[in-house]
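Listed below, chain by chain, are the residues.
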Amino acid sequence: MATEEIRGTSDAASLAALISRAAGDAGGRKKGLPPVDRWNPPFCGDIDMEIRADGTWFYMGTPIGRAPLVRLFSTVLRKDADGQTYLVTPVEKVGIRVVDAPFIAVEMSVTERDSRRVLTFRTNVGDVIEAGREHPIRFIIHGDNNELKPYLHVRGRLEALVTRAVMYDLVELGETVTIAGAEMFCLRSGASIFPVMPVAELDALTR
């Protein structure tokens, strides 16, 4: 696959075919995710691909409607230390735009293991992620309306934004935990505790 070939592709299906062949030619694994963190190809510029805030993928201004194509692209995503997100193959790295998070956590299941609650999420591209030490949840307060936005770590530097509907279910599971002498509103999953915000701030937001 020649350098610049990705940038010269005019439709999402052809782009997906090129990426799939590139991973296969490099001995990519048949199962699991491609080892994008081990690939170090040259940067070949940006392409007109965008992941919108609602998780919809666009290529050259057109929504990518086929779920298998989106899933393929998602497996070769990588966010680097420069804060930019790329599609990465063994021979090319191209930049794309991400409005918020590259993935969306669209479903949550609550189970119990060893007398502890375990939270497991499904993303819009089919990843199933159990929140815990390796996959923490972080929270930010965003915008003039003080919107609470939870993000789940997926892999590398990639995160999933938890949908508002799932976020409401998540907050219902919260509890007060004293951390370093301060009362914090927190969530638990397995042995991990994820602080949301100080209880005093939560009380102020809900007044």
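Residues numbered from 1 in each chain as written. Predicted model: local features only at pLDDT ≥ 70, side-chain atom pairs only at ≥ 80, totals over all residues. Heavy atoms only, no water.

The strand order across the open sheet built from 3 strands is S13-S14-S15, with neighbouring strands paired in antiparallel fashion. Single-partner strands in this sheet number two, and they are strand S13 (175-179) and strand S15 (192-198). Going from strand to strand, the sheet's axes swing by 50° on average, the running direction of each strand aside. As paired strands, S13 and strand S14 (residues 182-189) are joined by 5 bridges and run antiparallel to one another. The partner of Ile179 across the bridge, within S14, is Ala182. (Pairing = 2+ DSSP bridges. Helix = DSSP H or I, 4+ residues; strand = E, 2+ residues; numbered from the N terminus. Axes fitted to C-alpha atoms, helices over the stretch in contact; angles between N-to-C directions.)

This part is about the pairing of strand S11 (residues 147-155). Most of S11 sits out of view: 8 of its 9 residues are buried. Summarising the sheet, strand S10 (residues 137-142) and S11 pair through 6 bridges and their orientation is antiparallel. The residue of S11 that forms the bridge with His142 is Glu147. Linkage of S10 to S11, two consecutive antiparallel strands, is achieved through a turn of 4 residues, within which Gly143 is found at a positive phi near 80°. Both S11 and strand S12 (residues 158-162) contribute to a ladder of 4 bridges, which runs antiparallel. Looking across to S12, one finds that Arg155 is bridged to Leu158. The hairpin turn running from S11 into S12, its antiparallel successor, is 2 residues long, and Gly156 in that turn takes a positive phi close to 55°. (Buried < 20%, exposed > 50% of the residue type's maximum accessible area, 1.4 Å probe, protein only.)

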